[in-house]
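Tertiary structure, described
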Amino acid sequence: AAGVIQSPRHLIKEKRETATLKCYPIPRHDTVYWYQQGPGQDPQFLISFYEKMQSDKGSIPDRFSAQQFSDYHSELNMSSLELGDSALYFCASTKRYGSSTDTQYFGPGTRLTVL
Amino acid sequence: AQTVTQSQPEMSVQEAETVTLSCTYDTSESNYYLFWYKQPPSRQMILVIRQEAYKQQNATENRFSVNFQKAAKSFSLKISDSQLGDTAMYFCAFMSPIGGYAGGTSYGKLTFGQGTILTVHP
C-alpha cells in the first residue's frame, strides 16, 4: 500500500538559512498534519490542513509557514533557521469523514540539522 | 488542554515474555481516541493499536492489546510473546474528535506522552 512520502529525508542547513520540507499524503487522504520531534522528545504538533485550508495551528514559530496544494501535497517553509530547529519533522495524513477522522499515518520524517 | 503521561521512561523484558506499558491522560471529553505508536531505531512512527473511547471493548491487534479504563483515564498496552523486533520507543497519544470540545476546537491533532523505551532481551 502507498505510504506518506516526505522529502528530503535529510537536510543540513546553516543558521539563518531557509529550508523547505515536502509531504505527499497517501492517495485520497485530504488532511495533513506536521509534527516536530526534538532529540529525546515526543512529537509536537505544528500545523494541519484540511482540503487545502489551514485547520489548526500549534506551537509553530512565526518563522515557519506551510500550505497544502491542489494535489494535497504540503510544504513546510522554515526561514531564519536556528540551532534549536534541528529536529525530525514528520508529516502525517488521514482521511476525514465528517466529524470523525481515520487514523493518522506518518511519513518517514525529514531530519533537519542546523549548523 | 489534554495531557498524556507515560510514567515509565524505560522498560525491559525477556524475549517471549509479556510486558505492560502504562499511560494516563487527562480530558474533560466523553468521546475521544487513544493510540499507541511505536518508534523503532529507524525513527519511523508506526501505529500499533487504536481505541475509541465510546467502545467498551478493549482493542486487540495480534500480540498487542490494551486495557482501557475510561473512569480512571488509563490506557495501558500489553505486549505478549515479546520479540526482539518490538524493541522501540512507544508513544501513547490522545486525539479529540473533530469539532468542538470543552475549552477549544479539535481538528484531529495528536497529543503524545513522553514515551517509554522498551528493550527486548534475547
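This is a predicted model, so every value here is computed, not measured.

Helix and strand content of chain B: zero helices and 14 strands. Ordered by position from N to C terminus, the α and β elements of chain B give β-β-β-β-β-β-β-β-β-β-β-β-β-β. Along the three orthogonal principal directions, the C-alpha set of chain B runs to about 45 × 30 × 20 Å. A sequence separation of at least 24 residues applies to 58% of the contacts in chain B between residues at least 6 apart. Carbon and sulfur atoms form 47% of the exposed surface of chain B, whose accessible area is close to 5600 Å². For chain B, the distance from the average site of its 9 positive side-chain charges to the average site of its 9 negative ones is 8 Å.

Turning our attention to the confidence of the model for chain B. Per-residue confidence for chain B gives a mean pLDDT of 91, with 93% of residues at or over 70. Confidence, expressed as mean pLDDT per element, reaches its minimum in chain B at strand β11 (residues 99-101) of chain B with 55 and its maximum at strand β3 (residues 19-21) of chain B with 98.

A word on the nonpolar core. Formed by 25 residues in total, the largest nonpolar core has its most connected members in Tyr 25, Trp 36, Phe 75, Leu 77 and Tyr 90 of chain B. Among the secondary structure elements, those contributing two or more residues to this core are β3, β5 (33-39), β6 (46-52), β8 (64-69), β9 (74-79), β10 (88-95) and β14 (116-121) of chain B. A total of four residues in this core trace back to one element, the largest contributor, which is β10 of chain B. Ignoring any residue separated from it by four or fewer positions in sequence, one finds Tyr 90 of chain B in contact with Gln 6, Leu 21, Trp 36, Tyr 37, Lys 38, Val 48, Phe 64, Leu 77, Ile 79, Gly 115, Thr 116 and Leu 118 of chain B. The next biggest cluster of nonpolar side chains, apart from the first, holds 22 residues, and it includes Ile 60, Phe 64, Ala 66 and Ala 87 of chain A.

A word on the pattern of salt bridges. Residues and elements named next belong to chain A. Following the criterion strictly, the structure yields nine salt bridges over all chains and no others. Its salt-bridge partner being Arg 63, residue Glu 82 comes within 3.4 Å of it at the nearest N-O pair. Of this pair, Glu 82 sits in the loop between β8 (74-78) and β9 (87-94) while Arg 63 sits in the loop between β6 (53-57) and β7 (64-68); the two residues are 19 residues apart in sequence, bridging distant segments of the chain. In this structure, a network of salt bridges that share partners links the residues Arg 63, Glu 82 and Asp 85.

A separate point is the environment of Ser 12 of chain B. Residues and elements named next belong to chain B. With respect to the element layout, Ser 12 can be found in strand β2 (residues 10-14). Once the C-alpha coordinates of Ser 12 and His 121 are considered, the two residues, 109 residues apart in sequence, prove to be 7.3 Å apart. In contact with Ser 12, not counting residues within four places along its chain, are Leu 118, Thr 119 and His 121.

With that settled, consider the interface of chain A and chain B. Taken together, the 23 residues of chain A in the interface contact 20 residues of chain B. Both sides together, the interface formed by chain A and chain B hides about 2000 Å², and carbon and sulfur atoms give 54% of it. Linking chain A to chain B there are zero salt bridges. Between the two partners, chain A and chain B, sit eight residue pairs in polar contact (both at pLDDT 80 or more). Sorting the residues of the side of chain A that touches chain B by element identifies β4 (31-37), β6, β9 and β11 (100-101) of chain A as the ones contributing at least two each. In terms of residue count, the dominant contributor to the side of chain A that touches chain B is β4 of chain A (three residues). Within the side of chain A that touches chain B, the residues separate by chemical class into eight nonpolar, ten polar and five charged.

Looking now at the pairing of β6 of chain A. Alignment of strand β5 (residues 44-50) of chain A against β6 of chain A, held across four bridges, turns out to be antiparallel. Paired with Phe 49 of chain A across the two strands is Gln 54 of chain A, which belongs to β6 of chain A.

Moving on: the state of the cysteines. Under the criterion given, the structure shown has two disulfides over all chains. Here Cys 23 of chain A is linked by a disulfide to Cys 91 of chain A, with a sulfur-sulfur distance of 1.7 Å. Since a negative S-S torsion denotes a left-handed disulfide, the Cys 23 of chain A-Cys 91 of chain A link at about -50° is left-handed. Of the two residues, Cys 23 of chain A is situated in strand β3 (residues 19-24) and Cys 91 of chain A in strand β9; the sequence distance between them amounts to 68 residues. For Cys 23 of chain A, a relative accessible area of 0% puts it in the buried group. A disulfide bridge connects Cys 23 of chain B with Cys 92 of chain B, and the sulfur atoms are separated by 2.0 Å. Residues Cys 23 of chain B and Cys 92 of chain B are joined through a disulfide that is left-handed, its torsion about the S-S bond being -70°. With Cys 23 of chain B in the loop between β3 and β4 (24-26) and Cys 92 of chain B in strand β10, the pair connects residues that are 69 residues apart, well separated along the chain. Assigned by exposure class, Cys 23 of chain B and Cys 92 of chain B land together as buried.

Cut-offs and rules
- Residues numbered from 1 in each chain as written.
- Chains lettered and ligands numbered in written order.
- Predicted model: local features only at pLDDT ≥ 70, side-chain atom pairs only at ≥ 80, totals over all residues.
- Heavy atoms only, no water.
- Helix = DSSP H or I, 4+ residues; strand = E, 2+ residues; numbered from the N terminus.
- Contact = heavy atoms within 4.5 Å.
- Areas by Shrake-Rupley, 256 points an atom, 1.4 Å probe, with all protein chains shown as cover.
- Lys, Arg positive; Asp, Glu negative; His and termini not counted.
- Charge placed at Lys NZ, Arg CZ, Asp CG, Glu CD.
- pLDDT = per-residue confidence, 0-100.
- Core = buried A, V, L, I, M, F, W, Y, C linked by side-chain atoms within 4.5 Å.
- Buried < 20%, exposed > 50% of the residue type's maximum accessible area, 1.4 Å probe, protein only.
- Salt bridge = Lys/Arg side-chain N within 4 Å of Asp/Glu carboxyl O.
- Buried area = accessible area lost by both parts, 1.4 Å probe.
- Polar contact = N/O pair within 3.5 Å; in protein donor to acceptor, adjacent residues only side chain to side chain.
- Nonpolar A, V, L, I, M, F, W, Y, C, P; charged D, E, K, R; others polar.
- Pairing = 2+ DSSP bridges.
- Disulfide = S-S within 2.5 Å.

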